[in-house]
Amino acid sequence: MKLNVCRWPEEVLADKAAPVEEVTPELRELVDNMIETMYADDGVGLAAPQVGESIRLICVDQTGPKERADLMVLINPELSDCEGRVDSEEGCLSCPGFSGKVKRYEKGKLTAKDLDGNDVCMDVDGYLAIILQHEIDHLDGVTIVDRASRLKQAMYRKKAAKWAE
Ligand code: ZN
């Protein structure tokens, strides 16, 4: 089932999400729905807070909805040993009509759990590293709008208020 994607400045997008303690059937169903939603909306990543669940769970597929060749579901993901800086032009399913340059790390080390409770530990760089930083930001209550200049934020706030009417 495709889920409704929350839009900035909805409260849930600003909350710090709670760690996932266990994989329940409900969680698996949420994951299925998140994957469907991500692909349907032409995304390369989706974080649980974007569908109203304030928990540390993300799905990513850097190959996008056409190829669907690199799907990863990550529980309690963390990036460490981050290095290098890159400018990244990003959009977000929760911030329609907004795009902006964000400073990201070039590479880092990903640790997480998968749905079967296995440890995920891998070096990441390039596009995948950027997507992961974007999605982990969501788990910490940060969107690309929050990372933009105050002026850009104010302009987008006006735009978003119009849509909400
Ligand atoms: Zn996003």
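Think of each chain on its own: its residues are numbered from 1, step by step along the sequence as written. Residues qualify for local features only when their pLDDT is at least 70, as the model is predicted, and side-chain atom pairs are given and counted only at 80 or more; totals for whole chains, interfaces and linings, by contrast, use all residues. Calculated side-chain values reflect all of the structure's heavy atoms, with hydrogen atoms and water omitted.

Draft legend 1. Representation of the sheet that holds strand β4 (residues 100-113) in the model. A pair of strands is considered paired only if DSSP assigns at least 2 bridges between the two. Numbering of helices and strands runs from the N terminus; a helix is a DSSP stretch of H or I covering at least four residues, while a strand is a stretch of E covering at least two. Pairing in this open sheet of five strands is antiparallel, and the strands run β1-β2-β3-β4-β5 from one edge to the other. Strands with a single pairing partner mark the edges of an open sheet, and in this sheet they are β1 (45-47) and β5 (119-125). Adjacent strand axes in the sheet meet at a mean angle of 35°, parallel and antiparallel pairs treated alike. Here five bridges tie strand β2 (residues 57-61) to strand β3 (residues 71-90), and the two strands are oriented antiparallel to one another. The partner of Ile58 across the bridge, within β3, is Leu74. When checking whether two residues touch, look at their non-hydrogen atoms; a contact exists if any pair is within 4.5 Å. Axes, fitted as lines to C-alpha atoms, cover a helix only where it is in contact. Angles between the N-to-C directions of the axes lie from 0 to 180 degrees. In the packing of helix α1 (residues 25-40) onto the sheet, the strands contacted are β1, β2 and β3, and the crossing angle to β2 comes to about 40°. Taken strand by strand, helix α3 (residues 126-139) contacts β1, β2, β3, β4 and β5, and its axis lies near 110° from that of β3.

Draft legend 2. Representation of the coordination of the zinc ion in the model. Distances up to 2.8 Å from the metal define which N, O and S atoms are donors, and 3.2 Å serves for Na, K and Ca; water is absent from the atom set, so sites may look incomplete. Surrounding the zinc ion are the protein donor atoms Cys92 (SG), His134 (NE2) and His138 (NE2), at 2.1 to 2.2 Å. The sequence pattern describing where the donors of the zinc ion fall on their chain is C-x41-H-x3-H. Note that Cys92 is positioned in the loop between β3 and β4 and His134 in helix α3, a separation of 42 residues in sequence. Working definition: with a 1.4 Å probe on protein chains only, accessible area under 20% of the residue-type maximum means buried, over 50% means exposed, and in between means partly exposed. By relative accessible area, which is 8% here, His134 ends up buried.

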